[in-house]
Amino acid sequence: MGTARAAVASQLMIRAMLIPRRLIMLGLFAAFVVWCVVTMDWSWLPRYAPLALSGLWVTIWLLVVTIILGFTLAVPLGLAQAIGPWYLAAPARAFCTVIRGTPLLLQIWLLYYGLGSLFPQFPWIRESELWPYLRQAWPYAVLSLTLSYAGYEGEVMRGAFASVQKGQIEAARAFGMPPRKIFFRIWLPQAIRSALPTLGGETILQLKATPLVATITIVELYAVAGRVRQDTFIIYEPLLLLAAGYLVIAGVITLGFRWIEGRGPNMSR
Amino acid sequence: MEQTLELLSLSPPGWGANLLRGLVNSIQIALGAFGFGLIIGFFGAMGKLYGSPWVRDLLEVYTTVVRAVPELVLILILYYAGTDILNNIAGAFGRGPIQINGVAAGIWVLGIVQGAYATEILRGAIRAIPPGQTEAARAYGMPRDLMARRVTIPAMTAFAIPGLANLWLIATKDTALLAVVGFSELTLETRQAAQTTRAYFTFFLAAGFLYLMVTLFSGVIFGRIEKWARRGQPSHRSS
């Protein structure tokens, strides 16, 4: 069912691209790409290709890990705000407000420079097993991106939990399901389903947030372009390629979410 | 504690004045970029709704690209492109390279980013206007500009305010990205203060507090504006 719908959708998309106007635009775009390839300076590309690939890997790794961790944190945050008692709801709301009210760059720097300058003052931290990791940059990058995603998604999940129809929960209770089972079988799946379109957009926002960790010495995709610029004084070529790379990743995320949304029962009422 | 207060005090040994100057710069850039973005957004929304197919497709490309590429990358591209274009123009008039004002560059760069989001918000808001209202205006023979001024814009404001409030918060937070290009707004001033005094926690927390105050204060203001824009509309709550 889902695949048939997807096939129809992709056919419609191809037909929409074949309108003469769009063909001309595609042609102009292709000409622009050719012009870029021919007239611009791409001699740096072979030398930096391995670095760019490892940067791409770091970006994707950061994105996937922080989204999974952040979402696991967002579920209790959303639940606490939706139905929790006030002593859980208030801190959860405060956390979301603070995360959403301050720039991510500031949060990253606060954790990296702030915690980074605080930790060495405690001998027991320096002697602990974790110290070799705490001296690197990536734990702070993962932590700050995770907290940021959790803060934004906690708010989204609050709405999603509240939007699940009451009758569904009541029906589950009438069947004698224990509360834990109700949550994992009925409430959470339906909440995630109704939040999926928002989550797709938020995932792209998270992708767009990853370049910020380049400022704390993590060599991901954006940092590679910065290094090319510093080494060779070539400005536009790496930036254009970088923008194209992010466009492609964002496109893949969009298609992925559309595919997930196409599966399972249609929830539109 | 005393030490912290000394670090944050406004007079020279403390860095409070630097932080406040950064805050003023940030707010200036955010206001300018938000305004510039609104202008782009208004024409963009009009183009997307009533423009020719060419205009619609081009605007679609603009909003898609800007919303999919990280702001940091766009800021760099627009910053370098803007400087190059201005210098070329200056060169054509026989002048040397121009020193570009940081605030103006920030407004130009963030405004173009904001414009893409504003286009989508305003388009949605215009489409949310009940069609009967514009039809009535047309039936009275109102010319297009008068209809935009008297019917479309007032009626869409209420629908656009929540999205625009969000966009304004994004504008204030995105000014922090300009720190990476070296504009002395709040985040960069904070970092300089923190690096000089080694009191990282104090200064980053203080800056976070300032940003949070801006956010909360804006929330109150936008709440009032929305209430004003919704005057005369039936409320779902009381019925």
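Residues numbered from 1 in each chain as written. Chains lettered and ligands numbered in written order. Predicted model: local features only at pLDDT ≥ 70, side-chain atom pairs only at ≥ 80, totals over all residues.

A closer look at the overall build of chain B
- Per the secondary structure count, chain B includes 10 helices and 0 strands.
- The N-to-C order of helical and strand elements in chain B reads α-α-α-α-α-α-α-α-α-α.
- In chain B, buried positions account for 35% of the 239 residues.
- Within chain B, counting contacts between residues at least 6 apart in sequence, those at least 24 apart form 76% of the total. (Helix = DSSP H or I, 4+ residues; strand = E, 2+ residues; numbered from the N terminus. Buried ≥ 20, exposed ≤ 12 C-beta atoms within 10 Å, placed from the backbone. Contact = placed C-beta atoms within 7 Å.)

Thoughts on helix 5 (residues 102-128) of chain B
- For helix 5 of chain B, spanning 27 residues, the distance from its first C-alpha to its last is 38 Å, which sits close to the expected 39 Å at 1.5 Å a residue.
- Along its length, helix 5 of chain B reaches its greatest deviation from straightness, about 25 degrees, at Gly111 of chain B. (Expected span 1.5 Å × (residues − 1). Bend = angle between axes of the 7 residues up to and from the residue.)

A few points about the confidence of the model for chain B
Residue and element names in this part refer to chain B.
- Summarising the model, chain B shows a mean pLDDT of 86, and 92% of its residues fall at 70 or more.
- The least confident element of chain B, judged by mean pLDDT, is helix 1 (residues 2-8) at 68; the most confident is helix 2 (residues 16-50) at 91.
- Scored as a complex, the prediction yields pTM 0.86 and ipTM 0.84. (pLDDT = per-residue confidence, 0-100.)

Details of the packing of helix 2 of chain B against helix 5 of chain B
Residues and elements named next belong to chain B.
- Running from amino to carboxyl end, helix 2 crosses helix 5 at an angle of 40 degrees, the nearest separation of the two axes being 5 Å. Here helix 2 lies oblique to helix 5, going by the angle between them. Relative to helix 5, helix 2 is oriented so that their crossing is right-handed.
- Grouping the amino acids of the contact of helix 2 with helix 5 by side-chain chemistry returns 16 nonpolar, 11 polar and 2 charged. (Axes fitted to C-alpha atoms, helices over the stretch in contact; angles between N-to-C directions. Parallel < 35°, antiparallel > 145°, perpendicular 65-115°, else oblique. Left-handed = near helix turned anticlockwise from the far one by under 90°. Nonpolar A, V, L, I, M, F, W, Y, C, P; charged D, E, K, R; others polar.)

Comments concerning the interface of chain B and chain A
- Between chain B and chain A, the residue contacts involve 32 residues of the former and 29 residues of the latter.
- Where the side of chain B that touches chain A is concerned, the elements lending two or more residues are helix 3 (53-68), helix 4 (71-92), helix 8 (178-181), helix 9 (186-197) and helix 10 (200-229) of chain B.
- Residues belonging to the side of chain B that touches chain A are distributed by class as follows: 24 nonpolar, 3 polar and 5 charged.

Considering unusual backbone geometry
- Backbone geometry at Phe233 of chain A places phi at a positive 60 degrees, although glycine is not the residue there.
- Tracing the sequence through the fold places Phe233 of chain A in the loop between helix 11 (221-232) and helix 12 (236-262).

Describing helix 10 (residues 179-209) of chain A
All names here are of chain A.
- Across its 31 residues, helix 10 extends only 37 Å between first and last C-alpha, which sits more than 12% below the 45 Å expected from 1.5 Å per residue.
- The sharpest bend along helix 10 reaches about 60 degrees and sits at Leu196, with the proline Pro197 one to four residues further on.
- By the burial criterion, the buried members of helix 10 are Trp187, Ala191, Ala195, Leu199, Glu202, Thr203, Ile204, Gln206, Leu207, Lys208 and Ala209.

Topic: the nonpolar core
- Counting 111 residues, the largest nonpolar core has Leu105 of chain A together with Val73 and Ala207 of chain B as its most contacted members.
- No other element matches helix 5 of chain B, which puts 12 residues into this core.
- With residues up to four places along the chain from it excluded, the contact list for Leu105 of chain A reads Leu212 and Thr215 of chain A together with Ala176, Leu177, Ala179 and Thr187 of chain B. (Core = buried A, V, L, I, M, F, W, Y, C linked by C-beta atoms within 7 Å.)

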